Amino acid sequence: MDTHPLHELGSKARVLLSSVFGPYAQDDTFGSRKINPMELYHNQVTRTQGVFSLRMFHHTFGLQMIQANIDAPCTLLDFPDLDRFITEIKKKKYDIVGIGAIIPNVGKVKKMCELIRTHLPKAVIVVGGHIANLAGLDEIIEADYIVKGDGVRWFRKFLGSDVKAPIRHPAVYSAATTRIAGHTLKDKKGDTAAIVIPSAGCPMGCNFCSTSALFGGKGKYINFYETGDELFSIMAQLEKKLETESFFILDENFLLHRKRAIRLLELMEEQGKSWSLYVFSSARVLKSYTIKQLVGLGISWVWMGLEGQDSQYSKLNGVDTHELVDFLLSHGIRVLGSSIIGLENHTPRNIEQIIDYAVSHNTVFHQFMLYTANPGTPLYEELKNNGTLLSENDLPLADAHGQFRFNHNHPHFSDHREEQLILDAFNRDFEVNGPSLYRLINTMLQGWLRYKNHPDQRIRTRYAREIKPLRSTYAGAVWAMTKWYRNDKTMAQKAETLLRELYKTFGIVTRIVTPFIGRFILSAMKREEKRLAKGWRIEPATSYLKQIDFVVAENSVLENNHETAPSLSIESPVEHALI
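About the thresholds
- Residues numbered from 1 in each chain as written.
- Predicted model: local features only at pLDDT ≥ 70, side-chain atom pairs only at ≥ 80, totals over all residues.
- Heavy atoms only, no water.
- Helix = DSSP H or I, 4+ residues; strand = E, 2+ residues; numbered from the N terminus.
- Rg over C-alpha atoms; globule rule 2.2 N^0.38 Å.
- Buried < 20%, exposed > 50% of the residue type's maximum accessible area, 1.4 Å probe, protein only.
- Areas by Shrake-Rupley, 256 points an atom, 1.4 Å probe, with all protein chains shown as cover.
- Lys, Arg positive; Asp, Glu negative; His and termini not counted.
- Charge placed at Lys NZ, Arg CZ, Asp CG, Glu CD.
- Expected span 1.5 Å × (residues − 1).
- Contact = heavy atoms within 4.5 Å.
- Core = buried A, V, L, I, M, F, W, Y, C linked by side-chain atoms within 4.5 Å.
- Pairing = 2+ DSSP bridges.
- Salt bridge = Lys/Arg side-chain N within 4 Å of Asp/Glu carboxyl O.
- Phe/Tyr/Trp six-rings, centres within 6.5 Å; stacked < 30°, edge-to-face > 60°.
- Lys NZ or Arg CZ within 6 Å of the ring centre and 35° of its normal.
- Axes fitted to C-alpha atoms, helices over the stretch in contact; angles between N-to-C directions.
- Parallel < 35°, antiparallel > 145°, perpendicular 65-115°, else oblique.
- Left-handed = near helix turned anticlockwise from the far one by under 90°.
- Nonpolar A, V, L, I, M, F, W, Y, C, P; charged D, E, K, R; others polar.
- Patch = residues over 30% accessible without salt bridge, like charges linked within 9 Å, V, L, I, M, F, W, Y side chains within 5 Å.

K.L.:
Help me understand the overall build of the protein chain, please; the structure alone is not making it clear to me.
P.N.:
Along the protein chain, the regular secondary structure elements total 20 helices and 19 strands. Over its C-alpha trace the protein chain gives a radius of gyration of 23 Å, about what one expects of a compact globule, namely 25 Å for 579 residues. Summarising its shape, the C-alpha atoms of the protein chain cover approximately 70 × 60 × 50 Å along the three principal directions. By residue count, 61% of the 579 residues in the protein chain fall in the buried class. Of the roughly 23700 Å² of accessible surface on the protein chain, a fraction of 49% belongs to carbon and sulfur atoms. Here the protein chain holds 69 positive side-chain charges and 64 negative ones, and the gap between their average locations is 7 Å.

As structure tokens, this is what we get:
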């Protein structure tokens, strides 16, 4: 018997969805931390690259997905400060308030629930996202419902809507307020990738993965769009609405669904689509595709787990990751490698070697995270059972975010120097391989040199579109690097070599305009350096949406087994923030 709750107003209920309140990049009593800003890249990828750090914000895509898929009048408040949130619930009469959050923000959720009870005492409070993995959450916060996993389906049932209705995909960009080298880039149509969410959950089931745990564990996930035809329909409509030819595919292992990916490739070829795709993929799955297929699909950027040297994770078995990364980079495919610091086999004696091994991949970007036992994961249960988990008195939930401390007693590290280990990894990557911006430009150039004369017009068109900035602004950035690194002979030589290659490839116009652009960029970099030295930080702008534009796959039908394949949570799997 279905015991799912049903709101008495059904689709007439007024709904407010909200992310947790800011500011975020500061230390406060609600759980914000300076070292854990609401930025994916600056938080855990380019953290110590200074003026070269990639800065951008990503909206809470899970909340956008829910707003697009319920029939009730729904307002979405993303990145509010506390006063803005209070104003919204004081002045507007909502029947339901939904909050999406991750576990470190439990203090903020607690405060928001208290405020809702004060100003909207009759409202139903629904809390979801990764925070739902936290055992005993119902004793910490005052919420009516805590939703784990399937936010879209849960809200549809709660409002009496058709659960099996086709999934409507929000028509939104993947990032906003992008900033690098002292410049905030203009948010122009076509310059930013659209977000595409084909699936939720992760079938790989790594023992530390919160996303996998949130959606049912190893082998369990949901495909919102089962076929390549449905996915192509969504992307074609997003291309038209948002005037973009690039797509960030928010799927934990997009290429694992091979039949869907190959059919998407066939349709792209038939329709002449020269799209660019930014994807997550495991190394073994990448190896199962030919480079012709990857390039044909428009795979321009891939986030790949490297985990760590001699790690236990089967997705790396039999794969020479150095060889794979080098191969992808030589074809212009930008790689973001992800490594974990503090695995069971890491010790004070070998940790420097572990870091050097990760850095030696020379990926365009590199994420470093501490081995963290997040609630709900198999790793958490294992460490809980053996008594090595730290209590909240020893490490508050707000500090268990993967960039500060282990949340367990590590068998080999007991001196609380984890934050320094992480900083050592970031610094080593930056010192050895240079700014990610330099690596990005170099990789894009290699792709262009390889494919500029490709017989397929579709392939040539994509590479030509992607390298357009290399002719001017990116060349100017490299010119600025040659001056910036005047006291670092190795890096200066790398920048000068790359600059000569850009001049040789793009000719006299690039050679003429580059020094002018470069001087402007260098001046901005110097100003940025002074701002950062004074502690300047960036916060995301508040987003307020009464309704969200969306698209629906042609002839799509929602046919999912939700007992084995949970759906999307109320919060995006990537709350912290993708290019």
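K.L.:
Is there a simple way to explain helix 15 (residues 418-433) in this structure?
P.N.:
Since the α-helix packs 3.6 residues into each turn, any two residues three or four apart lie on the same face. Counted at 1.5 Å a residue, the expected span for helix 15 with its 16 residues is 22 Å, and the 23 Å between its end C-alpha atoms agrees. Every buried residue of helix 15 is listed here: Glu418, Leu421, Ile422, Ala425, Phe426, Asp429, Phe430 and Asn433. Buried-residue contacts for helix 15 involve helix 1 (40-44), strand 16 (334-341), helix 13 (351-359), strand 17 (365-370), helix 16 (436-451) and helix 19 (489-506). Remark: Gly434 follows helix 15 within two positions and exhibits a positive phi of approximately 80°.

K.L.:
Can you walk me through the nonpolar core in this structure?
P.N.:
In summary, soluble globular proteins display a tendency toward joint burial of nonpolar side chains. Counting 124 residues, the largest nonpolar core has Phe155, Leu255, Leu264 and Leu277 as its most contacted members. Discounting residues that sit within four places of it in the chain, Leu264 has contacts with Gly228, Leu231, Phe232, Met235, Phe254, Trp275, Leu277 and Leu297. Listed in part, the 31 residues of the second largest apolar core include Leu16, Met38, Ile116 and Leu397.

K.L.:
In this structure, what is going on with the sheet that holds strand 8 (residues 176-180)? I would like to understand it.
P.N.:
The strands making up a sheet associate through hydrogen bonds between their backbones, and the pairing can be parallel or antiparallel. Spatially, 3 strands are ordered 2-8-9 in an open sheet, and the strand pairing comes out antiparallel. The sheet terminates laterally at strand 2 (55-57) and strand 9 (183-184), the two strands that pair on one side only.

K.L.:
Sorry if this is basic, but what is going on with the pattern of salt bridges here?
P.N.:
Oppositely charged side chains can form a pair if their charged atoms are brought close together. Under the criterion given, the structure shown has 25 salt bridges. Across the salt bridge formed by Arg33 and Asp399, the nearest N and O atoms sit 2.7 Å from each other. With a gap of 366 residues between them, Arg33 in the loop between strand 1 (15-19) and helix 1 and Asp399 in the loop between helix 14 (378-385) and helix 15 connect regions that are remote in the sequence. With a closest N to O distance of 3.9 Å, Arg263 and Glu270 form a salt bridge. What makes Glu270 exposed here is its relative accessible area of 54%. One continuous salt-bridge network, built from bridges that share partners, spans Asp229, Arg263, Glu266 and Glu270.

K.L.:
Just to check I follow, could you spell out the packing of aromatic side chains for this structure?
P.N.:
Any pair of aromatic rings gets described here by the distance separating the centres and the angle formed by the planes. Per the counting criterion, the structure on display carries 20 aromatic pairs. Ring geometry for Tyr145 and Trp154: centres 5.4 Å apart, planes at 55°, overall tilted. Given the relative accessible area of 29%, Tyr145 is considered partly exposed. For Trp154, a relative accessible area of 12% gives the class buried. Centre to centre, the rings of Phe248 and Phe280 are 5.6 Å apart; their planes meet at 85°, and the pair counts as edge-to-face. Placement of Phe248 in strand 13 (residues 246-249) and of Phe280 in strand 14 (residues 276-280) is noted, with a sequence separation of 32 residues between them. Among the aromatic residues, those joined into a cluster by ring pairs are Phe248, Tyr278, Phe280, Trp301 and Trp303. Directly above the aromatic system of Phe550 lies the positively charged group of Arg168, at a separation of 5.0 Å from the ring centroid. It is Arg462 that lies over the ring of Tyr463; its NZ or CZ is 4.4 Å from the centre.

K.L.:
Would you take a moment to explain helix 2 (residues 61-68) for this structure?
P.N.:
Where burial is concerned, most of helix 2 is hidden: 8 out of the 8 residues are buried. When helix 2 is considered as a whole, its buried residues turn out to be Phe61, Gly62, Leu63, Gln64, Met65, Ile66, Gln67 and Ala68.

K.L.:
Would you mind showing me how to read the packing of helix 18 (residues 473-484) against helix 20 (residues 508-533) here?
P.N.:
Axes are the key here: two packed helices are described by the angle between their axes and the distance separating the axes. Contact geometry for helix 18 and helix 20: axes closest at 7 Å, N-to-C directions at 60°. On the basis of the axis angle, helix 18 is oblique to helix 20. Here helix 18 and helix 20 pass one another in a crossing that is right-handed. Facing helix 18, whose interface residues are Thr473, Ala475, Gly476, Ala477, Trp479, Ala480, Lys483 and Trp484, helix 20 presents Thr510, Thr514, Pro515, Ile517, Gly518, Arg519, Ile521, Leu522, Met525, Lys526 and Glu529. Residue classes in the contact of helix 18 with helix 20 are distributed as 10 nonpolar, 5 polar and 4 charged.

K.L.:
What should I look at first to understand a positive patch on the surface in this one?
P.N.:
Among the surface-exposed residues, Arg486, Lys526, Lys530 and Lys534 lie close enough to one another that they form a single positively charged patch. Relative to the assigned elements, Arg486 resides in the loop between helix 18 and helix 19.

K.L.:
Honestly, the side chain of Gln44 in this entry has me stumped. Any pointers?
P.N.:
Tracing the backbone through its elements, the reader meets Gln44 in helix 1. Gln44 sits in the buried class, given a relative accessible area of 8%. Leaving out residues up to four positions away in the same chain, Gln44 has contacts with His366, Gln367, Phe368, Met369, Gln403 and Phe426.

K.L.:
When you look at the environment of Leu502 in this model, what are you seeing that I'm missing?
P.N.:
Here Leu502 is to be found in helix 19. Along the sequence, Leu502 and Arg55 sit 447 residues apart, while their C-alpha atoms lie 25 Å from each other. Non-local contacts of Leu502, meaning those with residues more than four positions away in its chain, are made with Ile441, Leu445, Leu470, Ala475, Val478, Gly507 and Thr510.

K.L.:
Just to check I follow, could you spell out the pairing of strand 1 for this structure?
P.N.:
Walk down a regular strand and you will see the side chains alternate between the two sheet faces. Summarising burial for strand 1: 5 of the 5 residues are buried, a large majority. Here strand 1 shows no split at all, with Val15, Leu17 and Ser19 on one side and Leu16 and Ser18 on the other all buried. The pairing of strand 1 with strand 4 (residues 96-100) spans 5 bridges and is classified as parallel. By the bridge assignment for strand 4, Leu16 is matched with Val97. Bridge count between strand 1 and strand 3 (residues 74-78): 4 bridges; the pairing is parallel. In the strand pairing of strand 3, Ser18 is matched with Leu77.

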